[in-house]
Amino acid sequence: MSVKQQKRLSDNIIWLVLIGLVVFMTIANKNFASIANMRTLLTGEAIKGIMAFGVAFAILTKGIDLSLGAVAALVGGITGALVQPADLATRALSGGIYLPAAVSILLGILIGAAIGGCIGAIIAYTQIPAFIATLGAQLICRAAAKIFSNRPISNLSDSYRFFGSGKVFAIPMIIIVFVIIAFLAWFILVHTRFGKSLYAIGGNVQAARVAGINVEKNMIKVYVWCSVMAAIGGILMAGRAGSSDPSTSGLNYELDAIAAATVGGTSHTGGVCSITGVIAGILILGVINNGLVLMGVDDNMTNILKGAIIIGSVVLDMRKNIRKT
Amino acid sequence: MSEEFILEMQDIVKEFPGVKALKGVQLKVRPGTVHTLMGENGAGKSTLVKCLIGMQHVTSGTVIYKGKKVNFKTTQEALDAGISMIHQELSPVLERSVSDNVWLGREPKKGLIVDRKKMRQDCLELFQKIGMSLDPDEKMKNLTVAKMQMVEIVKAISYHSSIVIMDEPTSALTGTEVEDLFQIVADLKSRGVAIIYISHKMEEIFRISDDISIFRDGEYIITDRAENLTQNKVIELMVGREITDMFPKKECSIGEVVLKVENLCSGKAVKNVSFDLRKGEILGFAGLVGAGRTETMETIFGIRSKTDGKIYKDGIEISIRSPEDAIKNHIGMLTEDRRGNGIIGILSVKMNSVLANLKNYGFPVNAKKMDADTKLYIERLGIKTPAMASLIQNLSGGNQQKVLLARWLLTDPDILIVDEPTRGIDVGAKTEIHNIISELAAMGKAIIVISSELPEVMGIADRVVVMRESKITGIIKRSEMTQEIIMKYATLDTETQAEA
């Protein structure tokens, strides 16, 4: 095998794995390949997938974001409360503050951006590890969500729920949002100065700085992007379920998002990330989740397999990088 | 004969891939003396002592220590045999106490438990021996660099060393601390310990040395008693080599001042540096490693923060707080540490080329223009790469350096600073880089070249600024340049110069 062929194989191995899994699941269970099941699979993975696009940017710059799920719960709770019917007895917000869905959603995204801005500024200017900063943010945001409302927020308006559970020409809105965000993430990484700068920062932060890249500003933007993805995830989550429970919604979603980005080849040593890879990572984990449930495999076995795949993918990735240097 | 020497190193050859660092050198050390190794950067002094203590291994040659042939595999073996080294870069365990550091890895034990009392007691005894007052329980991080060095010396004594190697021990010390160190050196000498001393500072070498060995480009030149040598003689022997015609200097007209630096300071690293730079001029910066040349340029370029002084470009004062600001002011800097803050190994030649110029590709980035720019410079600078998408880490050092040059040229700088542009690059690529620098000057760019290779600086510079201990000690015109003069400014104290 020539060097070029080898490279092509190692670049595309993830898609081969995905195809292999799909073929296996299709053979193992006749219901797997049905349109209805595909829709279930994709709608089930879309929210974690959107968060994976978020955290991939952080991982690309040698960071991480552990606050995604908690930010989603907080934003889902606040935006949900703002669109509850004004006369609802169990309303989370007293005083009858009621916003149209669009305004509430926009506000939710802004709240996400503000949280991300704070996290990013702390990481950029104090240089504490992103792991610590976002772990702290996770605790704070989860607690804030519970303080905001100690019971599930339900009876959300239909217009608010449109993005989470609506359909356009039989395609779930949630999948459309996922595709739009995937495109946006790809566009940013490949076609903007910001994206190019992230690869440089992840590859060699000192060199990036010497080349005139404002590392701090870019790091803040990375975490704004992360938290905005979490906010969108939270809004979709609340919309999909029709309610938002501050103590459980989005719980551990950041871990699934990190797993998907990692399996998708985003390197934790920085400087390597492709959106197509992340999409493949999301789908691989989704197919395993969905397919094994259809086959009636025990939940614990599924998790063992997922764990092995996450570790294995990083081992492979590291070996690839060692060979390069 | 062999009775007279405690250490005899003969025909030592050390090869690194592609480089012969030591080409059959010798070193003979008498017990109870200070034997100084001298030579320019890269002459092979450090390599020689590293081979002695087992940090590196000789390719061929014999080492006779105390009358026996030895070949230490590890520094621990050398230590146990009585040879210890105090490194230029100290590496103490900062969070632990002084006595913990002295006995690190060989703590005395009572049964299974470390005998702290004995550690402390033995430490105090050792301190007393060399007339030093220090609390063994003090945390290492609270000590000054000088005190840390003393602890290292105590550690060396605790091994009952017969040879103590000191690599630039005074580089971080103040005047009185140096005196203390010399006191200890004298004390060690009187107890029969041989000191192998590496330093660039002439005045201190002539104060404490008994013997001096001189090396040049990995070759042994001479060993003589210090009293038979003079400072000028030593400098001559250190640099005495012919300048080859590697440095094609293009004649070009020198224009008005583009950069003026006034009393630039950055903490202790840069002290009151003032100079100016003209259009079309190549200004060399010479000096020993650690003289503050890189730090000066880092301050101008915004990598290091300026604590005082002013920088003018085209007669207007400019404020530079980051490389971003410097680039906005059309200043570029090819840094010394190519791997550390130059290349981004896992990115392509193309991304590495356009990195400093990202602002000029619009939104969304104009990929075609990036390709065109990269292609242009691959051709113009003769960069050998399979493709512009190839990872830069797979290129040779010389080609990586050219990509970095392309990076800065794409920003269209008025002023280009290049720091050790040819370090670790093979001879052919060196000449190419010298050619590029010369051509840039001919095009009217103002260029600053830092280099530790004197022939390089002298070959391409119109003027040479010499630095020593964070200060400028001399600015020399091309017509007056000789290696001896530059080395004098680089190594001698200003007072000594006045006498000379």
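Residues numbered from 1 in each chain as written. Chains lettered and ligands numbered in written order. Predicted model: local features only at pLDDT ≥ 70, side-chain atom pairs only at ≥ 80, totals over all residues.

Visitor: Describe in detail the overall build of chain A, supporting the description with residues and values.
Guide: Helix and strand counts for chain A stand at 13 helices and two strands. In summary, chain A has a C-alpha radius of gyration of 20 Å against a globular reference of 20 Å for 325 residues, a match within 12%. Considering only C-alpha atoms, chain A reaches an extent of 70 × 55 × 35 Å along its principal axes. When each of the 325 residues of chain A is scored for burial, the buried share is 50%. Contacts spanning at least 24 positions in sequence make up 78% of the contacts within chain A whose residues lie at least 6 apart. (Helix = DSSP H or I, 4+ residues; strand = E, 2+ residues; numbered from the N terminus. Rg over C-alpha atoms; globule rule 2.2 N^0.38 Å. Buried ≥ 20, exposed ≤ 12 C-beta atoms within 10 Å, placed from the backbone. Contact = placed C-beta atoms within 7 Å.)

Visitor: Describe the environment of P455 of chain B, naming the residues involved and giving the relevant values.
Guide: Checked against the element boundaries, P455 of chain B lands in helix α16 (residues 454-460). Sequence separation between P455 of chain B and M38 of chain B is 417 residues; the distance between their C-alpha atoms is 18 Å.

Visitor: A description of helix α4 (residues 101-126) of chain A should follow, citing residues and the corresponding values.
Guide: Residues and elements named next belong to chain A. Between its first and last C-alpha atoms α4 spans 37 Å; for 26 residues at 1.5 Å apiece the expected length is 38 Å, and the two agree. Within α4, the full set of buried residues consists of A101, S104, I105, G108, G112, I115, G116, I119, G120, I122, I123 and A124. Summarising the contacts, the buried residues of α4 are in contact with α3 (68-82), α5 (130-148), α6 (158-165) and α10 (215-241). Q127 sits one or two residues past α4 and shows a positive phi near 60 degrees. (Expected span 1.5 Å × (residues − 1).)

Visitor: With reference to specific residues and values, describe unusual backbone geometry.
Guide: Each neighbour pair has its own omega, and for F363 of chain B with P364 of chain B the value is -15 degrees, a cis peptide bond. Phi is positive for A170 of chain A, close to 70 degrees, though the residue is something other than glycine. In this structure, A170 of chain A sits in the loop between β1 (167-168) and β2 (171-172). With phi around 65 degrees, N252 of chain A is a residue other than glycine that occupies positive phi space. Locating N252 of chain A in the fold gives a position in the loop between α10 and α11 (253-263). A count of 11 C-beta atoms within 10 Å places N252 of chain A in the exposed class.

Visitor: Got a sec to walk through the sheet that holds strand β11 (residues 211-216) of chain B? Specific residues and values, please.
Guide: All names here are of chain B. Strand order in the open sheet formed by six strands is β6-β9-β10-β3-β11-β12, and the pairing between neighbours is mixed. Strands with a single pairing partner mark the edges of an open sheet, and in this sheet they are β6 (83-86) and β12 (219-225). The average undirected angle you get between the axes of adjacent strands in this sheet is 20 degrees. Here strand β3 (residues 34-38) pairs with β11 via four bridges, running parallel. Residue pairing for β11: T36 is matched across the bridge by I212. Taken strand by strand, helix α5 (residues 145-158) contacts β6 and β9 (163-167), and its axis lies near 175 degrees from that of β6. In the packing of helix α8 (residues 231-239) onto the sheet, the strands contacted are β3, β11 and β12, and the crossing angle to β11 comes to about 30 degrees. (Pairing = 2+ DSSP bridges. Axes fitted to C-alpha atoms, helices over the stretch in contact; angles between N-to-C directions.)

Visitor: Lay out the pairing of β3 of chain B with the relevant residues and their values.
Guide: Residue and element names in this part refer to chain B. Among the five residues in β3, five count as buried, and that is most of the element. Across the two faces of β3 the burial is the same, with V34, T36 and M38 and H35 and L37 all buried. For β3 and strand β10 (residues 194-198), the ladder comprises four bridges, and the chain directions are parallel. Bridge pairing in β10 places V34 opposite I195.

Visitor: Describe the interface of chain A and chain B, naming the residues involved and giving the relevant values.
Guide: Every contact between the two is made by 20 residues of chain A and, on the other side, 24 residues of chain B. Contributions of two or more residues to the side of chain A that touches chain B are made by α8 (193-203) and α9 (205-210) of chain A. Per-element accounting of the side of chain A that touches chain B gives the leading share, six residues, to α8 of chain A. Broken down by class, the residue content of the side of chain A that touches chain B amounts to six nonpolar, 10 polar and four charged. (Nonpolar A, V, L, I, M, F, W, Y, C, P; charged D, E, K, R; others polar.)

Visitor: I'd like to hear about the confidence of the model for chain B, residue by residue, with values.
Guide: With 93% of its residues at a pLDDT of 70 or more, chain B shows a mean pLDDT of 87. Here the complex is predicted with pTM 0.78, and the ipTM for its interfaces comes to 0.86. (pLDDT = per-residue confidence, 0-100.)

Visitor: How would you sum up the packing of α6 of chain A against α10 of chain A? Please name residues and give values.
Guide: Residues and elements named next belong to chain A. Two numbers describe how α6 lies on α10: the axes approach to 7 Å, and their chain directions differ by 105 degrees. On the basis of the axis angle, α6 is roughly perpendicular to α10. Contact residues: α6 offers Y160, R161, F163, G164 and S165, while α10 offers I235, L236, M237, A238, G239 and R240. A breakdown of the residues in the contact of α6 with α10 according to their chemical character gives six nonpolar, three polar and two charged. (Parallel < 35°, antiparallel > 145°, perpendicular 65-115°, else oblique.)

Visitor: Break down the environment of E227 of chain B for me, with residues and values.
Guide: Residue and element names in this part refer to chain B. Here E227 shows up in the loop between β12 and α8. When the 10 C-beta atoms within 10 Å are taken as the criterion, E227 is described as exposed. With 16 residues separating them along the chain, E227 and D211 place their C-alpha atoms 8.5 Å apart.

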